[in-house]
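Read off the chains here:
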Amino acid sequence: MLLLSDSTRPQGLGNENDLVGRYFMDHIEGSVGTLELGELPTGYMGGVLGNGRAMLALTADAMERDELLGCAVTFDADPDNYGVAKYADEATGVNAAGVGALRTGIAGGASKSVDVLVRAEPKPMADSRVVLTDERDALGQRRLELQYARSPAIQTSIQRTLEIIARELGIAGLGRMRIDLDDTDKTKLEIPTVGFHLMGTTRMANDPKQGVVDSDLLVHGTDNLYIASSSVFPTVGYSNPTLTIVALALRLADHLKVKLQ
Ligand SMILES: Cc1cc2nc3c(=O)[nH]c(=O)nc-3n(C[C@H](O)[C@H](O)[C@H](O)COP(=O)(O)OP(=O)(O)OC[C@H]3O[C@@H](n4cnc5c(N)ncnc54)[C@H](O)[C@@H]3O)c2cc1C
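Residues numbered from 1 in each chain as written. Predicted model: local features only at pLDDT ≥ 70, side-chain atom pairs only at ≥ 80, totals over all residues. Heavy atoms only, no water.

(A) The arrangement of the site of the ligand in detail. Taken together, the neighbourhood of the ligand is formed by Met1, Phe196, His197, Ser229, Ser230, Asn240, Pro241, Thr242 and Ile245. Contacts to the ligand include Ser230, whose backbone N or O atom sits 3.4 Å from an oxygen atom. Summarising the interface, the protein chains cover 34% of the accessible area of the ligand, which totals 990 Å² for the free molecule. A breakdown of the residues in the shell around the ligand according to their chemical character gives four nonpolar, five polar and no charged. (Near = heavy atom within 4 Å. Polar contact = N/O pair within 3.5 Å; in protein donor to acceptor, adjacent residues only side chain to side chain. Areas by Shrake-Rupley, 256 points an atom, 1.4 Å probe, with all protein chains shown as cover. Nonpolar A, V, L, I, M, F, W, Y, C, P; charged D, E, K, R; others polar.)

(B) How the structure looks around the nonpolar core. Ranked by internal contacts, the top residues of the largest apolar core, which has 25 residues, are Leu35, Phe75, Val116, Ile158, Leu162 and Met177. Contributions of two or more residues to this core are made by β1 (28-37), β3 (71-76), β4 (113-120) and α4 (153-171). With seven residues, α4 is the largest single contributor of residues to this core. (Core = buried A, V, L, I, M, F, W, Y, C linked by side-chain atoms within 4.5 Å. Buried < 20%, exposed > 50% of the residue type's maximum accessible area, 1.4 Å probe, protein only. Helix = DSSP H or I, 4+ residues; strand = E, 2+ residues; numbered from the N terminus.)

(C) α4, seen in detail. With 19 residues, α4 should cover 27 Å at 1.5 Å per step; its first-to-last C-alpha distance of 27 Å lies within 8% of that length. For α4, the complete set of buried residues consists of Ile154, Ser157, Ile158, Thr161, Leu162, Ile164, Ile165, Ala166 and Leu169. (Expected span 1.5 Å × (residues − 1).)

(D) Seen up close, unusual backbone geometry. A positive phi angle is found at Tyr23, which is not glycine, with a value near 65°. With respect to the secondary-structure elements, Tyr23 resides in the segment before β1. Located in the positive-phi region is Glu67, a residue other than glycine, with phi close to 50°. Here Glu67 shows up in the loop between α2 (60-65) and β3. For Glu67, a relative accessible area of 72% gives the class exposed.

Keep in mind that these numbers describe shape and distance, not what the molecule does.
Listed below in structure tokens is the structure:
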């Protein structure tokens, strides 16, 4: 919409510095190996796995030391759960298929192999962007094209994070992790959008040369246009975006209330 709004500003709204559409990001998700569970104390992994999908991730110190992007690891007894978690009980949101099977295996003291899933943080890159093409949609508007770019730092971060977590699980006697980044269904890690978490393209920065909206979510160069969306995230971590979007929307509502008074 910003790029299409070019009747009075040829580059589009808020696009004086060629930033609208840039820094497009999505989470990278995929199956990256297996974990052979060891002899676990009953309930131990329940604390890790919990209800739904708890995640294992590195401490901020470890990430900083190795200059790693955020990366979270989950375990799933049923590889078919990948992508679309099968919620047996939608009211509680418990991923019963995965967690239930694990609990059964763990409670019975049986050795069990579970799938290792990863969700990784993309690095913001100016060349990863959406642009308008000359092709028109049914309403005569120019269609968008995604020119997706991904930093090699992501693959390095996934590899290193898995190595550290695998080592720690081994030291703790919880199991043996086999990292399978080469054999894994690579498409999951390589297709452009796998997390369904579309972020970036109107990134936040107080300097108009660095971002499209300021810290109050006001589009630079306008005095009455605000954006509350994951599009304003300058960086994204590995976590789901919606709670942060809601928090930004509530904060914006408070800001506008004060401004309008
Ligand atoms: C399958 C799936 C599963 C997901 N699961 C999760 C999850 O578990 N947790 C989580 O945190 N996030 C999840 N997400 C991501 C989350 O839904 C999005 O990040 C979030 O909805 C983005 O909010 P937004 O307001 O930025 O954009 P949107 O919700 O996409 O809102 C954009 C709005 O703009 C409207 N619009 C577009 N063009 C025009 C136009 N020309 N004129 C007028 N209106 C227009 C659209 O109709 C839409 O209502 C999931 C997404 C998908 C697709």
